[in-house]
Amino acid sequence: MYANWSDLREKETAGMLAACTRCGACYEACPMTPFIPAAEGVAPGAVVAGVLDLLQGGAGDAAAKGWVSACTRTGSCIPACPEGVNPMLMLRLAKFQAQENGTMPPRDASRAMPTVKAFARLGFTPDEQEKWL
């Protein structure tokens, strides 16, 4: 389908930019929006416009960066889009772009991993723990 990662990003980004009407339905469907202080009081369409700016290599704004950072990939946004855009992928691509151009720092999850592993142990059998952790 795609020759490489760059081709995928380029084609998907172009399609999203062409199709997105900045209606904000994806943002409204996202369960993480209450946890984005920088987006409080910002119109959903304005947040989406900021994400599209990040996607194009722009600086975005605090609300857009907050949403990109808060995305937990629930997928709730996907069926909400009336234009058939995959907003979850849009946020991921915007995050990659912003991290690559220095607009957003890469996330350092090294301190979180021990906690993730500790919680994972609670749900894994001893054999699963041996295999996965």
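Scroll up to find the structure.
Residues numbered from 1 in each chain as written. Predicted model: local features only at pLDDT ≥ 70, side-chain atom pairs only at ≥ 80, totals over all residues. Heavy atoms only, no water.

Time to look at the overall build of the protein chain. Along the protein chain, the regular secondary structure elements total 7 helices and 0 strands. Counted from the first residue to the last, the protein chain has its helices and strands arranged as α-α-α-α-α-α-α. Classification of the 133 residues of the protein chain by burial places 31% in the buried group. Counting only contacts in the protein chain whose residues sit at least 6 apart along the sequence, the fraction spanning at least 24 positions is 57%. (Helix = DSSP H or I, 4+ residues; strand = E, 2+ residues; numbered from the N terminus. Buried < 20%, exposed > 50% of the residue type's maximum accessible area, 1.4 Å probe, protein only. Contact = heavy atoms within 4.5 Å.)

Take helix H4 (residues 62-70) next. Residues Ala63, Ala64, Gly66, Trp67, Val68 and Ala70 constitute the buried set of H4. Structurally, H4 contributes buried residues whose contacts are with helix H2 (25-29), helix H3 (44-55) and helix H5 (87-100).

We now examine the packing of H3 against H5. With their axes 7 Å apart at the nearest point, H3 and H5 run at an angle of 50° to one another. As the angle between them shows, H3 and H5 are arranged oblique. Helix-helix and strand crossings are classified by hand; for H3 and H5 the assignment is left-handed. Of the residues in H5, those touching H3 at Val48, Val51, Leu52, Leu54 and Leu55 are Met90, Leu91, Leu93, Ala94, Gln97 and Ala98. Residues belonging to the contact of H3 with H5 are distributed by class as follows: 10 nonpolar, 1 polar and no charged. (Axes fitted to C-alpha atoms, helices over the stretch in contact; angles between N-to-C directions. Parallel < 35°, antiparallel > 145°, perpendicular 65-115°, else oblique. Left-handed = near helix turned anticlockwise from the far one by under 90°. Nonpolar A, V, L, I, M, F, W, Y, C, P; charged D, E, K, R; others polar.)

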